[in-house]
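Examination of the molecular architecture
Each chain is listed here by its residues.
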Protein chains: 2
Amino acid sequence: MVNSRKHAISVTRSEDFSAWYQAVVAGADLAENSCVRGCMVIKPYGFAIWERIQAILDRRFKELGHVNAYFPMFIPIDLFEKEAEHINGFAKEICVVTHHRLEQRDGKLVPAGEIENPLAIRPTSELIIGESMARWTKSYRDLPLLINQWCNVVRWEMRTRMFLRTSEFLWQEGHTAHETKEEAINEALAMHKVYEDFICHSLKMTAISGKKPNHDKFAGAVDTYTIEAMMQDGKALQSATSHYLGQNFAKAVEIRFQGRDAKLHYAYTTSWGLTTRLIGAIVMAHGDDDGLNIPSAVAPYHVTIIPLLQNGNTSKDAIFDYCEHIKNSLPDGIRVLIDTKDFSPQNKRWDYIRKGVPFILEIGSKELGDHTVSITKRAQNLARYTMSAEEFRVQINDLLLEHDETLGEKNEKSCTKKINDSIKNVAELKEFFAENRNGFVIAKWSGLAKNMEILDEMAVSIRCLPTKQSGMKGKCILTGEDATIDAVFAKSY
Amino acid sequence: MVNSRKHAISVTRSEDFSAWYQAVVAGADLAENSCVRGCMVIKPYGFAIWERIQAILDRRFKELGHVNAYFPMFIPIDLFEKEAEHINGFAKEICVVTHHRLEQRDGKLVPAGEIENPLAIRPTSELIIGESMARWTKSYRDLPLLINQWCNVVRWEMRTRMFLRTSEFLWQEGHTAHETKEEAINEALAMHKVYEDFICHSLKMTAISGKKPNHDKFAGAVDTYTIEAMMQDGKALQSATSHYLGQNFAKAVEIRFQGRDAKLHYAYTTSWGLTTRLIGAIVMAHGDDDGLNIPSAVAPYHVTIIPLLQNGNTSKDAIFDYCEHIKNSLPDGIRVLIDTKDFSPQNKRWDYIRKGVPFILEIGSKELGDHTVSITKRAQNLARYTMSAEEFRVQINDLLLEHDETLGEKNEKSCTKKINDSIKNVAELKEFFAENRNGFVIAKWSGLAKNMEILDEMAVSIRCLPTKQSGMKGKCILTGEDATIDAVFAKSY
């Protein structure tokens, strides 16, 4: 911890990235650890970001024909047995409900009422949703089924970090069933593209999209597509995945339909999901040593207005009225908070800096008299300006564009220099990742899971095989064999 | 079951109300039983109603200053021990997670990895949210805390019915903390009023609002306020409750703050909730022997358009274009579906009748040639009209008002005659509820839980003490003692 407090967050990214992350999550009031092992509380300000994410994605899913539904959180254990790869992938982290009552014994509450067939809590819902789809699919006319669900899931974690890895988290999970293989692959790719657009364009992150290597696919999938976003420390964060499941799950739970040829066929299914960990990604992509920065698309507030009441002899009411006037003058879609709480303006300003509100206005008797606003631009190193209230009204949409572009440019600049495509062998790879150095290495890979222990030792993994392949021939960085596949190597969250 | 199929639903309300209910839920595609004991699948059409309910209430909550957040679904058992009344009320229906892993043993999956301190799954969140509030509340300046959460909860049920009683259900739970008793009581009453407005005005139900008798309050509450809606069979359905919790929970989890007097005080808290069972209430309040009827506020679609392609020689494209034209001509906020699926128009029409879409349009070459629409008005006994497309466009908002008024009037008429306020003694009460007869009896009650076995025998309970009290003196219907309290007696869901 630094003693001379130059920044709103007491530890800087360069000093200790991990401690900085926790400090921003706490300082921006996004979340806190709860009294429940491995579970977090998403506080109102953090949840407001999730609500913005939900609103944008939900609208996009529906435009593409998807509908929401809700399926049981409990999954009978024997249903899991139906897809061997799937259960192997998840068995180690599944919470199980075994009792349905609490009883007082010796002055202590204990579980009672044993459940004959214990219930797993969903780590993901392919099987329980597939089980319903099997009932809903009689004819090819019933297809495609395009379902989405917003819910909580549980994957027991031993080492947890807020947003990034918690035992319970929130997500959306899309599940679709199709008549043909081609349609299902197109669906998985289309949703992969929706995620990419959202993460790279709306959220201004730098990411590489591609396919997971076979040894790191979703348990039960034929192909997994992923968006690997780069954090400011050079590590990768898997931000959203889309799976083409082939007929694997359809066969496990009997999703069959009468085809155009009057014969019975298994459907082809997909699934795709994005979780609250994306909020952690926003922190690590755009945060700075003063706290959070948020792209305008998901910012709970674009503008906060702090009334300055302590100095000057203008009446409180006149200043409040002027604040209301500014708020009401702004165009639809601009989210504004006037903070009238009984705390000092100074504290409020630092609070909103930590929270990453794009524009912080301070409004006192001077601003009221001059018809101006004093504005702090969060993304531009807290630069302070004065402009007329009318200018602010007219320019607010451009100012938000500028805010987003600034975040995007900073992020791109920070990330680009951490991407290396000139590494040719294991020695160079080890050198690149030595001493806690990080970044994305794009290099040739044979496509076979050979010599993976070289990566394991460095805690590096193949994050994806980028969609944009160079097509050039070369030597596999791990084995020296001839190779044509480009792969991204990185440490990850 | 009736063989001559006069209606879209094969059993009528008068034949078997309970079987009719299940048939409407199935026929309108609202929900289905799942493979998990006591848990249902909320199908897309049923979930779309819930999304409308969420949108309306969420906006209202936020207008009143509430913010959403998310708290762990797991609650350590020992946290429950902190409020004795609360745990006594819920202990019998709490699901408990005891293991965090599945293992293969003798070719069978079994729970493994025992959890040292078993975790309850939330049946409600007063304690886990209060535990956070205790951290967030330092000074009176931090109050009020106005939090809401949309989530799933679990209360193990032995006998379940779709929407009305399932082991897992969805709800919103508001939790607030206040500086003074008066503020907290006002909050509970304000949210009670929000529910009443929504249920009685937006959803056009007939309901009596009031306070629960002491012996039937929420476990741990000082006062519980309830909306008791009447179903068409004369039974009551508790549709939303608001609780003034006094300092009970604040003391249990130490929600304390430094007051204006610089001393430490316990906060006063409230909680309030509304669940997916309200969808069951809509079915039983407005459904008829042809299926569902839905008030326009929560109808997934106001209008469905069925293209008629089989007769006439007009091209398919021209009819589709005309359908699109009608859809696009309607004002913002009108929700329209054009059903182009490959099923017969006849089947589609009956499907939307069962689903309770307010207006079903059939559009073929005749309508295209005449610039008209053929319309079925769902609430008006499926009356069919033809009107010009232009008239339909101009009148659609009035038509929806008429639709809602029709539902409201039908419901009021059906309910009013089942309310009896002239019953004076136990004999008359028994007569009223004899032989499966139902309704609301408004009668005097002493306010003491005496002779309650009279009610138990009839499966009748005191639903509420209406907010509107007559103030008249009389004799308690159960004990003959002097009494001033009016109470509502009914059977319930």
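Every chain begins its residue count from 1, and numbering advances along the sequence as written. By the order in which they are written, chains take letters starting at A while ligands take numbers starting at 1. For a predicted model such as this one, the threshold for reporting local features is a pLDDT of at least 70, and the threshold for listing and counting side-chain atom pairs is 80 or more; totals across whole chains, interfaces and linings nevertheless cover every residue.

This part is about the pairing of strand β21 (residues 440–445) of chain A. Residues and elements named next belong to chain A. The burial label depends on the number of other C-beta atoms within 10 Å of a residue's C-beta. Counts of 20 or more mean buried, 12 or fewer mean exposed, and intermediate counts mean partly exposed, with C-beta atoms placed from the backbone. The way it works is that DSSP assigns letters per residue, a run of H or I at least four long becomes a helix, a run of E at least two long becomes a strand, and they are numbered from the N terminus. With six of six residues buried, β21 lies mostly within the body of the structure. Note that strand β20 (residues 419–420) and β21 share two bridges and pair parallel. Bridge assignment links I419 to a residue of β21, and that residue is F440. Handedness of the crossover joining β20 and β21 through helix α13 (residues 426–433) is recorded here as right-handed. Pairing between β21 and strand β25 (residues 485–490): five bridges, direction antiparallel. Counted as the bridge partner of A443 is A487 from β25. At least two DSSP bridges between two strands are needed for those strands to be called paired. The definition of a right-handed crossover adopted here requires that, viewed with the strands pointing away, the path from the first strand over the helix to the second runs clockwise.

Turning to the interface of chain A and chain B, a few remarks are in order. Frequently, the measure chosen for interface size is the accessible area that the parts lose on association. Think of it this way: build a C-beta for each residue from its backbone, and any pair within 7 Å is a contact. Taken together, the contact pairs 53 residues of chain A with 53 residues of chain B. Of all the elements, strand β5 (residues 96–105) of chain A adds the most residues to the side of chain A that touches chain B, at eight residues. In terms of residue class, the side of chain A that touches chain B is built from 35 nonpolar, seven polar and eleven charged. Relative to strand β5 (residues 96–105) of chain B, β5(A) runs antiparallel, the two sharing three bridges. Among the inter-strand pairings, A:V97 is bridged to a residue of β5(B), identified as B:V97. By the convention adopted, Pro, Cys, Tyr, Trp, Phe, Met, Ile, Leu, Val and Ala count as nonpolar, Lys, Arg, Asp and Glu as charged, and the other residues, Gly among them, as polar.

Turning our eyes to something else, we now look at the sheet that holds strand β18 (residues 372–377) of chain A. All names here are of chain A. Sheet architecture is open: five strands sit in the order β16-β15-β17-β18-β19, paired in mixed fashion. Each edge of the open sheet carries a strand with a single partner, namely β16 (336–338) and β19 (383–388). Strand-to-strand, the axes of this sheet are offset by a mean angle of 25°, without reference to chain direction. Note that strand β15 (residues 303–307) and β16 share three bridges and pair parallel. Bridging across to β16, V303 finds its partner in V336. Across the sheet, helix α10 (residues 345–355) touches β15, β17 (359–363) and β18, and the angle it forms with β17 is around 170°. Note on method: axes are straight lines fitted to C-alpha atoms, helices fitted across the in-contact stretch only, with angles between N-to-C directions ranging 0 to 180 degrees.

All right, on to the sheet that holds strand β6 (residues 108–121) of chain B then. Spatially, β4(A)-β6(A)-β5(A)-β5(B)-β6(B)-β4(B) is the arrangement adopted by the six strands of the open sheet, whose pairing is antiparallel. On the outer flanks of this sheet lie β4 (74–76) of chain A together with β4 (74–76) of chain B, each paired with one strand and no other. Along the sheet, successive strands turn relative to each other by an average axial angle of 40°, direction set aside.

Once that is clear, we can look at the domain arrangement of chain A. All names here are of chain A. As annotated, the domain borders come from an automatic or database domain assignment. For chain A, the assigned domains read domain 1 (17–286), domain 2 (298–403) and domain 3 (419–490). The C-alpha-based centres of domain 1 and domain 2 are spaced at 39 Å. Across the contact, nine residues belong to domain 1 and five residues belong to domain 2. With five residues, helix α2 (residues 44–63) is the single largest residue contributor to the side of domain 1 that touches domain 2. Each residue belonging to the side of domain 1 that touches domain 2 can be placed in one class, and the counts come to six nonpolar, one polar and two charged.

Moving on, we get to the environment of B:N88. In this structure, B:N88 sits in helix α4 (residues 84–90). It is 9.2 Å that separates the C-alpha atoms of B:N88 and B:G220, two residues lying 132 residues apart in sequence.

Attention now goes to unusual backbone geometry. Cis peptide bonds are those with omega within 30 degrees of zero, and the linkage from A:L143 to A:P144 qualifies with -5°. With respect to the secondary-structure elements, A:P144 resides in the loop between α5 (126–136) and β7 (145–154). The residue B:E254 is not glycine, and still its phi comes out positive at about 65°. Mapped onto the fold, B:E254 is located in the loop between α7 (248–253) and β12 (256–258). The exposure class of B:E254 is partly exposed, given the 16 C-beta atoms found within 10 Å. A positive phi angle, near 65°, is found at B:L382, a position not held by glycine. Structurally, B:L382 can be placed in the loop between β18 (372–377) and β19 (383–388).

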